[in-house]
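As a plain string of letters, each chain reads:
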Amino acid sequence: MDGSLSRTYQTQPWTRRELERAKGETTVSVVLPALNEEDTVAGVVESVRPLVGGLVDEVVVVDSGSTDATPERARDAGARVERCRDILPELEPVPGKGEVLWRSLAATTGDVLVFLDSDLVEPDPAFVPGLLGPLLCDSGVHLVKGFYRRPLRVESEEWDTGGGRVTELLARPVLDAFRPALSGLIQPLGGEYAATRSLLESVPFATGYGVEIGLLLDTEQRYGADALAQVNLGVRKHRNRSLLQLGVMARQILGTVLSRCRPDPGPGTSTGTSAETGTASSGTVLTQFVQVAGEWLPTSTEVSVGDRPPMNTLRVRSTSGVPSGP
Ligand SMILES: O=c1ccn([C@@H]2O[C@H](COP(=O)(O)OP(=O)(O)O[C@H]3O[C@H](CO)[C@@H](O)[C@H](O)[C@H]3O)[C@@H](O)[C@H]2O)c(=O)[nH]1
Ligand SMILES: O=C(O)[C@H](O)COP(=O)(O)O
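So, here's what we can say about the structure. (Residues numbered from 1 in each chain as written. Chains lettered and ligands numbered in written order. Predicted model: local features only at pLDDT ≥ 70, side-chain atom pairs only at ≥ 80, totals over all residues. Heavy atoms only, no water.)

What to know about the pairing of strand 2 (residues 28-34)
Under the convention used in this document: Burial classification: accessible surface area is computed with a 1.4 Å probe over protein chains only, and a residue below 20% of its type maximum counts as buried, one above 50% as exposed, and the rest as partly exposed. The helix and strand labels rest on DSSP assignments: H or I over at least four residues marks a helix, E over at least two residues marks a strand, and numbering proceeds from the N terminus. The criterion for strand pairing is that DSSP finds at least two bridges linking the strands in question.
Judged by how many residues are buried, strand 2 sits mostly within the fold: seven of seven residues are covered. Of the two faces of strand 2, the one lined by Val28, Val30, Leu32 and Ala34 and the one lined by Ser29, Val31 and Pro33 are each fully buried. One ladder, built from six bridges, connects strand 2 with strand 3 (residues 58-63); its direction is parallel. Note that in strand 3 the partner of Val31 across the bridge is Val60.

Put into structure tokens, the structure is as follows:
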């Protein structure tokens, strides 16, 4: 295998008119998960709004419990805002990005969903059309990831490249080892992707930051790598987190991989790990070390590694047609 994904678009060959024609009666929901993103959420909404009524049917910010002005800023910019805990209110929310995306399925109606992070800086209005291209114009595609150059800003220093630290140091090596069919994905963790509702409702969602890698693994397992496409979206800048925060994210992602890929221990050896999986609230504790007054001291963080079940397995449906919990 040469490592490339067969449906890789280095440029976007579709005109806006072609996309609109290909869209036909298909409906598209754009979803922005948001937790305390008052500085950036409006800019992301504004980058999508000109598409509403054409390529896009609804723009929904799903707020994950912000304590800042994220909901107001999103609403003022023209998005519908849903609070995570008001969607499927019978189910107590668990923290995490995957939980928000999973609930967004019950708060939107599109046949296709496009996810965009709400911490994007200078978001490009061409992201959504690019992500829709393969879904609308190719057959057999269920999930489309964006790829891009990723600048990195640490404190006041900024570099043109170097972003995507968890991607390069964990996600891509782990996919290469455990699921080589996905080793050609350039940005497996990117938050900009589009998928069919039928796929998204039929697979489990990791509740935390494992959600992206879990969706990729499950899609490949179900439909093969040809159900995936990736499109060059240019440049993507976002708020860069600290190394300690990324360590917690990496642990969640690893938990999701272990729950789906059992390493082959080889003859006579033991893996030393048990596959991690469980209910939405399953978790573990990660110990990290920080320097305090010259000493390196442990600090513990709870890490969720559980899954929500496929949305289409929730038994009860309310009169509005929105699924509610078991
Ligand atoms: O509990 C949460 C955590 C995050 N978010 C939102 O999710 C988006 C991405 O979160 P962020 O913490 O900025 O993640 P990144 O550091 O950007 O991590 C990258 O890698 C993650 C793991 O794959 C992906 O989920 C991200 O989309 C991707 O950008 C942002 O809009 C957040 O506001 C929530 O809504 N609720
Ligand atoms: O996608 C990633 O690898 C993580 O979100 C870290 O990204 P960053 O290195 O650009 O902050």
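Let's talk about the nonpolar core
What counts is decided by this rule: For the purposes of this section, nonpolar cores are sets of buried Ala, Val, Leu, Ile, Met, Phe, Trp, Tyr and Cys residues that join through side-chain atoms within 4.5 Å. Contact between two residues is taken to exist if any of their heavy atoms lie within 4.5 Å; hydrogens are not considered.
Counting residues in hydrophobic clusters, the biggest one holds 45 residues, and the most contacted among them are Leu88, Val166, Leu200, Phe205, Ile213 and Leu215. When contributions to this core are tallied by element, the ones reaching two or more residues are strand 3, helix 4 (97-104), strand 5 (112-115), helix 6 (165-178), strand 10 (193-196), helix 7 (197-200), helix 8 (211-223) and helix 9 (243-260). Apart from the residues within four sequence positions on either side, Phe205 is in contact with Gly98, Leu101, Trp102, Leu105, Leu200, Val211, Leu215, Gly306, Asp307 and Arg308. Ranked by size, the runner-up nonpolar core spans 38 residues in total, among them Val44, Ala74, Val114 and Leu116.

Re the site of ligand 2
Convention followed: One heavy atom within 4 Å of a molecule or strand makes the whole residue count as near it. Whenever a nitrogen or oxygen atom comes within 3.5 Å of another N or O atom, the pair is scored as a polar contact, on the condition that within protein one atom can donate a hydrogen and the other can accept it, and that pairs from neighbouring residues in sequence are kept only if both atoms are in side chains. Calculation of accessible area relied on Shrake-Rupley with a 1.4 Å probe; when residues are assessed, cover is drawn exclusively from the protein chains displayed.
Around ligand 2, the structure places Arg150, Gly163, Gly164, Arg165, Val166, Thr167, His238, Asn240 and Leu246. Within the contact set of ligand 2, an oxygen atom lies 3.1 Å away from a side-chain nitrogen or oxygen of His238. At a separation of 2.9 Å, an oxygen atom of ligand 2 approaches a polar side-chain atom of Asn240. Out of a free accessible area of 320 Å², ligand 2 has 94% covered by protein chains. Broken down by element, the residue count for the shell around ligand 2 peaks at three residues, all from helix 6.

Here we look at the site of ligand 1
The environment of ligand 1 is formed by 21 residues, the closest being Glu37, Lys97, Tyr209, Glu212 and Arg241. Glu37 is positioned with one of its side-chain polar atoms (N or O) 2.6 Å from an oxygen atom of ligand 1. The separation between an oxygen atom of ligand 1 and a polar side-chain atom of His238 is 3.0 Å. Within the complex, 96% of the 670 Å² of free accessible area of ligand 1 lies under protein.

Looking at the environment of Leu228
Structurally, the position occupied by Leu228 is in strand 12 (residues 228-235). The buried category is assigned to Leu228, whose relative accessible area is 0%. As a C-alpha pair, Leu228 and Thr8 span 220 residues in sequence and 8.9 Å in three-dimensional space. Filtering out sequence-adjacent residues up to four positions away, Leu228 remains in contact with Leu5, Arg7, Leu143, Leu182, Leu216, Thr219 and Glu220.

Some words on the packing of helix 1 (residues 16-23) against helix 5 (residues 127-137)
Applied cut-off: Here an axis means a line fitted to C-alpha atoms, over the contact stretch when the element is a helix, while the angle between two N-to-C directions is reported on a 0 to 180 degree scale. Roughly parallel means an angle under 35 degrees; roughly antiparallel, over 145; roughly perpendicular, 65 to 115; everything else is oblique. Here a crossing is taken to be left-handed if its near helix is turned anticlockwise relative to the far helix by less than a right angle, and right-handed if that turn runs clockwise. Amino acids outside the nonpolar list (Ala, Val, Leu, Ile, Met, Phe, Trp, Tyr, Cys, Pro) and the charged list (Asp, Glu, Lys, Arg) are all regarded as polar, and Gly is one of them.
Where helix 1 meets helix 5, the axes come as close as 10 Å, and the angle between the chain directions of the two elements is 50°. Taken together, the axis directions place helix 1 and helix 5 in an arrangement best described as oblique. Like other packed secondary-structure pairs, helix 1 and helix 5 cross with a definite hand, here left-handed. Between helix 1 and helix 5, the contacting residues are Arg16, Leu19, Ala22 and Lys23 on the first element and Pro129, Gly133, Leu136 and Cys137 on the second. Class assignment for the residues of the contact of helix 1 with helix 5 results in five nonpolar, one polar and two charged.

Some details on helix 9
Which entries qualify depends on this criterion: Here, expected helix span is obtained from the residue count minus one, scaled by 1.5 Å.
Helix length check: helix 9 (18 residues) gives 26 Å between terminal C-alpha atoms against 26 Å at 1.5 Å per residue, within 8%. Burial in helix 9 covers these residues: Leu246, Val248, Met249, Ala250, Arg251, Gln252, Ile253, Gly255, Thr256, Val257, Leu258 and Arg260. Where the residues of helix 9 are buried, they touch helix 6, strand 11 (205-206), helix 8, strand 14 (283-292), strand 15 (295-304) and strand 16 (307-308).

Regarding the environment of Val144
Residue position: Val144 is located in strand 7 (residues 143-149). Note on Val144: relative accessible area 0%, which makes it buried. Residues Val144 and Asp63 lie 81 residues apart in sequence; the distance between their C-alpha atoms is 24 Å. Ignoring anything within four residues of it in the chain, the contact list for Val144 reads Leu131, Pro134, Leu135, Glu192, Tyr193, Ala194, Ala229 and Val231.

Notes on the packing of aromatic side chains
Geometry of an aromatic ring pair is reported as the spacing of the ring centres plus the angle between the planes. Put simply, the rule reads: Pairing of aromatic rings covers Phe, Tyr and the six-membered ring of Trp, with a centre-to-centre limit of 6.5 Å; geometry is then stacked below 30 degrees between planes, edge-to-face above 60, and tilted otherwise. For a lysine, the NZ atom is tested; for an arginine, the CZ atom; a charge sits over a ring if that atom is within 6 Å of the ring centre and within 35 degrees of the ring normal.
The full count for this structure, using the stated rule, is three aromatic pairs. Residues Phe127 and Tyr148 carry aromatic rings whose centres are separated by 6.3 Å and whose planes lie at 40° to one another, so their mutual orientation is tilted. Taken together, the positions of Phe127 in helix 5 and Tyr148 in strand 7 put the pair 21 residues apart, joining distant regions of the chain. Neither Phe127 nor Tyr148 differs from the other in exposure class; each is buried. Stacked on the ring of Tyr193, the Lys or Arg Lys145 has its end atom at 4.3 Å from the ring centre.

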